[in-house]
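Reading the structure
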Number of protein chains: 2
Amino acid sequence: MASSEIETLTQALARLPGLGPRSARRAVLHLIKRRETALEPLLKALGVVSETLATCSVCGNVDTTDPCGVCADPRRDGRSICVVEEVADLWALERSRLFPGKFHVLGGRLSALDGVRPEDLTIDSLIRRVEAGGIDEVVLAMNATLEGQTTAHYVAERIERFPVRVTQLAHGLPVGGELDYLDEGTLAQALRARRPLG
Amino acid sequence: MASSEIETLTQALARLPGLGPRSARRAVLHLIKRRETALEPLLKALGVVSETLATCSVCGNVDTTDPCGVCADPRRDGRSICVVEEVADLWALERSRLFPGKFHVLGGRLSALDGVRPEDLTIDSLIRRVEAGGIDEVVLAMNATLEGQTTAHYVAERIERFPVRVTQLAHGLPVGGELDYLDEGTLAQALRARRPLG
Ligand SMILES: [Zn+2]
Ligand SMILES: [Zn+2]
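Since this is a predicted model, take the numbers as computed values, not measurements. (Residues numbered from 1 in each chain as written. Chains lettered and ligands numbered in written order. Predicted model: local features only at pLDDT ≥ 70, side-chain atom pairs only at ≥ 80, totals over all residues. Heavy atoms only, no water.)

Over its 13 residues, helix H2 (residues 21-33) of chain B runs 18 Å from end to end, which matches the ideal 18 Å to within 8%, given 1.5 Å per residue. Among the residues of H2 of chain B, those classed as buried are Ala24, Ala27, Val28, Leu29, His30, Leu31 and Ile32 of chain B. Contact partners of the buried residues in H2 of chain B: helix H3 (35-52), strand S2 (62-63) and helix H5 (87-96) of chain A together with helix H1 (4-14) and helix H3 (35-52) of chain B. (Helix = DSSP H or I, 4+ residues; strand = E, 2+ residues; numbered from the N terminus. Expected span 1.5 Å × (residues − 1). Buried < 20%, exposed > 50% of the residue type's maximum accessible area, 1.4 Å probe, protein only. Contact = heavy atoms within 4.5 Å.)

Next up, the structure:
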């Protein structure tokens, strides 16, 4: 039987999305057999991330610096803010390199079912960013789900009183589709055809 | 874009078997969002394993102690040794709890193609264990592949001169099948029907 230490590691890996008990065991064997080339690099990378991980106080992105790399990048267009539900959505958009502006991570979506209210999201801090000025456009990039769209409308209403253009991703998004799962082409099309929220 | 530290962690995870770049990204997001319940436990478990990992000097198992947990367990029947190719095979047999004896990990299989010769495996140390006495049976549990069976016959020949019964797993194993992938039922049947190597 594997020792309890190895068992503990296997269980920690098995809880990752995409890994079950079986693949976690194979991963542990892989790590154990390749101590220098797999285990130590993973341990080091995890340690560095664990020590430096921070939630960006500006946009809610998670990065190893605060402000995050996107917020700190002077080449990004600060007049345009893309509002997303989750950090995963921000990362998906960043991988596509389609959006040259900055971001705002809400930290979820409004949901009567799950009891998520406006004050549970970072909507107030988004309003403060808009209020501070220098922003021309807020792009709403919530998921094309009922809750995502409810959230988009709520945020649009809150921004209404500011001299800012509010747009949302074109509904080329498949219904029920989650941003983080979309291919780059669909994302590109949806972004290109973004339109004023009506 | 994710910082280079997060990118490094993603790449380290993506190299694990069963995880690709996409699932590694989702795993990293999972870890980052659940810092206290996922990232820190995984970091701690990896650190402990990294610090204590050892190859058993008796049987070749990998564990956090030397001798390993199996070799050190006084309830195990030391008169019976099950010889396997890899640590993964030992673990598969241990999970099935079917074999009450001890083990010997060869560290591979003889292969003309891959240039693996007897001296590249731990066959000499197996012979020394047999020579030291107190062993009634050696169970050959190599994979049912050509190379596995070649290895089994070679080991059987080397043990021939000792007063020890040499058996091998019944060929209920599917041809070409690798031990580590078998379900418990097949393993149980193969072990129950083990027979003298003829
Ligand atoms: Zn930021
Ligand atoms: Zn051992």
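Now for the interface of chain B and chain A. Counting from both sides, the interface comprises 49 residues of chain B and, opposite them, 49 residues of chain A. One can count 2 salt bridges joining chain B with chain A. A salt bridge links Lys33 of chain A to Glu86 of chain B; the nearest nitrogen and oxygen atoms lie 3.7 Å apart. Across the contact surface, chain B and chain A share 8 residue pairs in polar contact (both at pLDDT 80 or more). Secondary-structure elements contributing two or more residues to the side of chain B that touches chain A are H1, H2, H3, strand S2 (62-63) and helix H5 (87-96) of chain B. Here the side of chain B that touches chain A takes 11 residues from H3 of chain B, the largest share from any one element. Here the side of chain B that touches chain A is built from residues that sort into 28 nonpolar, 7 polar and 14 charged. (Salt bridge = Lys/Arg side-chain N within 4 Å of Asp/Glu carboxyl O. Polar contact = N/O pair within 3.5 Å; in protein donor to acceptor, adjacent residues only side chain to side chain. Nonpolar A, V, L, I, M, F, W, Y, C, P; charged D, E, K, R; others polar.)

With that settled, the discussion passes to the domain arrangement of chain A. Partitioning chain A into structural domains gives domain 1 (4-52) and domain 2 (76-168). Put simply, the middle of domain 1 of chain A and the middle of domain 2 of chain A, counted by C-alpha atoms, are 35 Å apart. (Domains from an automatic or database assignment.)

Let's shift gears to the pairing of strand S6 (residues 165-168) of chain A. All names here are of chain A. Sheet topology note: the strand S5 (residues 137-140)/S6 ladder contains 4 bridges and is parallel. Across the sheet, Glu137 pairs through a bridge with Arg165, a residue of S6. For the handedness criterion, the β-α-β arrangement of S5, helix H7 (residues 146-159) and S6 is classed as right-handed. (Pairing = 2+ DSSP bridges. Right-handed = clockwise from strand over helix to strand, strands pointing away.)

All names here are of chain A. Topologically, Leu98 is positioned in the loop between H5 and strand S4 (101-105). A relative accessible area of 31% places Leu98 in the partly exposed class. Considering only alpha carbons, one finds Leu98 and Gly134, 36 residues apart in sequence, at a separation of 21 Å.

Before going further, it helps to spend a moment on the coordination of the zinc ion (ligand 1). Tetrahedral metal sites with four donors have an ideal angle of 109.5 degrees; octahedral sites with six donors have ideal angles of 90 or 180 degrees. Residues and elements named next belong to chain A. Looking at the zinc ion (ligand 1), the protein donor atoms are Cys56 (SG), Cys59 (SG), Cys68 (SG) and Cys71 (SG), and they sit 2.3 Å from it. Expressed as a motif, the donor residue spacing for the zinc ion (ligand 1) is C-x2-C-x8-C-x2-C. Residue Cys56 is found in the loop between strand S1 (54-55) and S2, and its partner Cys71 is found in helix H4 (residues 69-72); the two are separated by 15 residues along the sequence. Residues Cys56 and Cys71 agree in their burial class; the two are buried. (Donors = N, O, S within 2.8 Å, 3.2 Å for Na, K, Ca; no water.)

This part covers the relation of the copies chain B and chain A. With an axial shift of 0.0 Å and an RMSD of 0.2 Å, the rotation relating chain B to chain A amounts to 179°. This pairing of chains is accounted for by a two-fold axis. Considering only C-alpha atoms, the residue of chain B closest to the rotation axis is Leu43 of chain B, which sits at 3.2 Å. Of the interface residues in chain B, 100% have counterparts in chain A that sit at the interface too, so the contact is made through matching surfaces. (Least-squares fit on C-alpha atoms with pLDDT ≥ 70 in both.)

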